[in-house]
Amino acid sequence: QVQLVDSGGGLVQPGGSLRLTCATSGSIFSVATMGWYRQAPGKARELVAALGSGGSTDYADSVKGRFTISRDNAKNTVFLQMNSLKPEDTAIYYCNANFFGIPYWGQGTQVTVFS
């Protein structure tokens, strides 16, 4: 059984930083595409960043240059380093594992950027 546990969200002022962590269990981590999505109130869930098992990355235009996704295969963990945070980054952030088209989700962690 695959489980994803998100953590690291919180309150931060504009310009601040947070690091999200997604710990996974199960045997798919090394071959799955890992990603972070977010959902703001009243909006659809959107892809923030993705990291393939081979190391390829993809970022939403709105976070390029500010966010960095990385993974530690030895610890079955994926990270999202978020710098220069803006109020529009406020959302619930969800970890995602895509295993040959089968999605798995974390429970979400709230990120609030306020001035």
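Structure: above.
All figures in this text were calculated on a predicted structure; none of them were measured in a lab.

A. Expanded view of the pairing of strand S5 (residues 46–51). Note: strand S4 (residues 33–39) against S5, 5 bridges, orientation antiparallel. Looking at S5, one finds that Met 34 is bridged to Leu 51. Linking two consecutive strands that pair antiparallel, namely S4 and S5, is a turn of 6 residues; a positive phi of about 75° is found at Gly 42 within it. In terms of strand pairing, S5 meets strand S6 (residues 57–59) through 3 bridges, oriented antiparallel. Note that in S6 the partner of Ala 50 across the bridge is Asp 58.

B. Quick peek at the pairing of strand S10 (residues 102–105). Sheet topology note: the strand S9 (residues 91–99)/S10 ladder contains 4 bridges and is antiparallel. The residue of S10 that forms the bridge with Ala 97 is Tyr 104.

C. Region of interest: the sheet that holds strand S1 (residues 3–7). Read from one edge to the other, the open sheet built from 4 strands follows the order S1-S3-S8-S7, with strand pairing classed as antiparallel. Two strands in the sheet have a free side with no partner beyond their single neighbour: S1 and strand S7 (67–72). The average angle at which neighbouring strand axes cross in this sheet is 15°, direction not considered. Sheet topology note: the S7/strand S8 (residues 77–82) ladder contains 6 bridges and is antiparallel. When the bridges of S8 are listed, Ser 70 appears paired with Phe 79.

Conventions used here
By convention here, each chain's residues receive numbers from 1 onward along its written sequence. Confidence filtering applies because this is a predicted model: local features only for residues at pLDDT of at least 70, side-chain atom pairs given and counted only at 80 or more, and all residues used for totals across whole chains, interfaces and linings. Each side-chain value is worked out from all heavy atoms of the structure, with water and hydrogens disregarded. Pairing between strands is defined by DSSP: at least two bridges between the two strands are required. Only runs of H or I of at least four residues qualify as helices and only runs of E of at least two qualify as strands under DSSP, and these elements are numbered from the N terminus. Helix axes use the C-alpha atoms of the stretch in contact, all axes being lines fitted to C-alpha atoms, and the angles between their N-to-C directions lie in the range 0 to 180 degrees.

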